[in-house]
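# Chains, contacts and geometry: an overview
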Amino acid sequence: MTSRGSSGPAIEAIDLVKWFGKTVALDGVSFTVPRGSVFGVIGPNGAGKTTIMRALLDLIRLASGHATLLGTDSRNAGPELRRRIGFLPGELILEGRVTGRRLLRHYANISGPVHSGRVDDLAGRLGLDLDRTVRTLSKGNKQKLGIVQAFMHQPDLLVLDEPTSGLDPLMQQEFLALVSEARDAGQTVFLSSHVISEIQQAADEVAILRDGRIITVAGVESLRDTAIRHIRVSANGLSAAELNSRLVPLIGMGELDCRATATGAEATAVFSGAISPFVQAISTLSLTDLVVEEPELEESVLRLYSQPKARR
Ligand SMILES: Nc1ncnc2c1ncn2[C@@H]1O[C@H](COP(=O)(O)OP(=O)(O)OP(=O)(O)O)[C@@H](O)[C@H]1O
């Protein structure tokens, strides 16, 4: 991992507090993002992800706290700092009659130089037609245009609010490849998501946000090992009791329910923990079906890290 620019963290947020009327959107949020890393924020709707991003970019006024981006206090951010940042807002409104290509040319006048061929390369990878007028683009294609806009000038810091929303799975993978290339080039990426799996793939560290507070900051490996998955296993030639005795000793196995089927047994369970002992435990079975569901954010991470809401 190489990092560009001077030393010190790419982002330092210190005790950010933001109220909207009587709602506290950020309740003392602090975190540090090392340069050249990918840092994810996950949390349910209304947790405060967008508010953090807007606060970092000085698009809203905080009640207290402050942030530095690339060593500069965000409140003093001038055009020079802005050029070093690529921002994808959560709610991208693109309604103009201009083509994507013209719009990007306009953004490039603000963001600073874009290498020749870079825009076409990004658009090609994302399958985006730059010659269509932006208001005729679907939600997903508008999102792609926003991604091109954020990445095209190869900024030192990318701030991406729910970047994969509206993208199909293939394009989500392409986006993740862009993130990993950015990190390899020493850029720093700060992104938010509802989708735990994509944060796991992309990020070095993850902050889990709820009710305007960071519950924990974890490395992705530890998050992967604690994520909850729903599983269903069906196998031939063994009884429900035999299947039960094979699965019940596994660490992290919960809500295990084994039933007899016409040809063997079926088990459903909620499993939290490293997946490989589970795979080993079933490897010698004559499987007829296996479902391991992707962990849902609400259910897995928040269940694990949940704590009572602070009383005010
Ligand atoms: N402009 C605003 N006026 C009033 N309340 C707001 C405003 N913006 C955000 N909030 C409130 O602040 C809290 C945090 O909202 P925020 O949009 O940051 O959450 P989020 O984690 O980005 O959610 P989502 O995933 O739905 O985008 C919510 O309770 C939200 O209703």
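Residues numbered from 1 in each chain as written. Predicted model: local features only at pLDDT ≥ 70, side-chain atom pairs only at ≥ 80, totals over all residues. Heavy atoms only, no water.

### Examining the site of the ligand
Surveying the vicinity of the ligand reveals 13 residues, the closest of which are Asn45, Gly46, Lys49, Thr50 and Thr51. Thr50 places a polar side-chain atom, nitrogen or oxygen, 2.8 Å from an oxygen atom of the ligand. Note that an oxygen atom of the ligand is positioned 2.5 Å from one of the side-chain N or O atoms of Thr51. Surface burial for the ligand is 61%, taken as the share of its 630 Å² of free accessible area covered by protein chains. Where the shell around the ligand is concerned, the elements lending two or more residues are strand 2 (23–33) and helix 1 (49–56). Broken down by element, the shell around the ligand gets its largest block of residues, 3 residues, from helix 1. When its residues are assigned to classes, the shell around the ligand shows 4 nonpolar, 7 polar and 2 charged. (Near = heavy atom within 4 Å. Polar contact = N/O pair within 3.5 Å; in protein donor to acceptor, adjacent residues only side chain to side chain. Areas by Shrake-Rupley, 256 points an atom, 1.4 Å probe, with all protein chains shown as cover. Helix = DSSP H or I, 4+ residues; strand = E, 2+ residues; numbered from the N terminus. Nonpolar A, V, L, I, M, F, W, Y, C, P; charged D, E, K, R; others polar.)

### Observations concerning helix 9 (residues 240–247)
Listed as buried for helix 9 are Ala240, Leu243 and Leu247. Projected down its long axis, helix 9 carries its buried residues within an arc of 65°, all on one side. Summarising the contacts, the buried residues of helix 9 are in contact with strand 11 (228–236), strand 12 (253–260), strand 13 (264–272) and helix 10 (276–282). (Buried < 20%, exposed > 50% of the residue type's maximum accessible area, 1.4 Å probe, protein only. Arc of directions from axis to C-beta. Contact = heavy atoms within 4.5 Å.)

### Here's the deal with the nonpolar core
Membership of the largest hydrophobic core comes to 41 residues, with the highest contact counts inside it found for Leu145, Ile147, Phe151, Leu160, Phe175, Val189 and Val206. In terms of residue count, the dominant contributor to this core is helix 6 (residues 169–184) (6 residues). For Val189, the contacting residues outside a window of four places in its chain are Ser37, Val38, Phe39, Leu158, Leu160, Val179 and Ala182. Core analysis: the second largest hydrophobic core is formed by 27 residues, Ile52, Leu157, Phe190 and Leu209 among them. (Core = buried A, V, L, I, M, F, W, Y, C linked by side-chain atoms within 4.5 Å.)

### Concerning the pattern of salt bridges
Enumeration over the complete set of coordinates arrives at 14 salt bridges. As a salt-bridge pair, Arg101 and Asp120 come within 3.2 Å of each other at their nearest N and O atoms. Taken together, the residues span a long stretch of sequence, with Arg101 in helix 3 (residues 100–111) and Asp120 in helix 4 (residues 118–126) at a distance of 19 residues. Of the residues examined, Asp120 reaches a relative accessible area of 42% and is grouped as partly exposed. A single salt-bridge network, built from bridges that share partners, covers Arg101, Asp120 and Asp131. (Salt bridge = Lys/Arg side-chain N within 4 Å of Asp/Glu carboxyl O.)

### Re helix 1
With 6 of 8 residues buried, helix 1 is to be regarded as a mostly interior element. Along helix 1, the residues that are buried comprise Lys49, Thr51, Ile52, Met53, Ala55 and Leu56.

### What about the domain arrangement of the protein?
Domain assignment breaks the protein into domain 1 (11–224) and domain 2 (228–295). Each of domain 1 and domain 2 has a C-alpha centre, and these two points are 39 Å apart. (Domains from an automatic or database assignment.)

### A word on the sheet that holds strand 9 (residues 205–210)
Taken in spatial order, the 6 strands of this open sheet run 6-7-8-3-9-10, and their pairing is mixed. The open sheet has two free edges, formed respectively by strand 6 (85–88) and strand 10 (213–219), since each of these has just one partner strand. Strand after strand, the sheet turns through a mean of 15° between neighbouring axes, direction not considered. Where strand 9 meets strand 10, 6 bridges bridge the pair, whose relative direction is antiparallel. In the sheet register, Val206 faces strand 10, and the bridge partner there is Ala218. Running at roughly 170° to strand 6, helix 5 (residues 139–151) makes contact with strand 6 and strand 7 (157–160) of the sheet. Against the sheet, helix 6 engages strand 3 (38–42), strand 7 and strand 8 (188–193), with an angle of about 150° to strand 8. (Pairing = 2+ DSSP bridges. Axes fitted to C-alpha atoms, helices over the stretch in contact; angles between N-to-C directions.)

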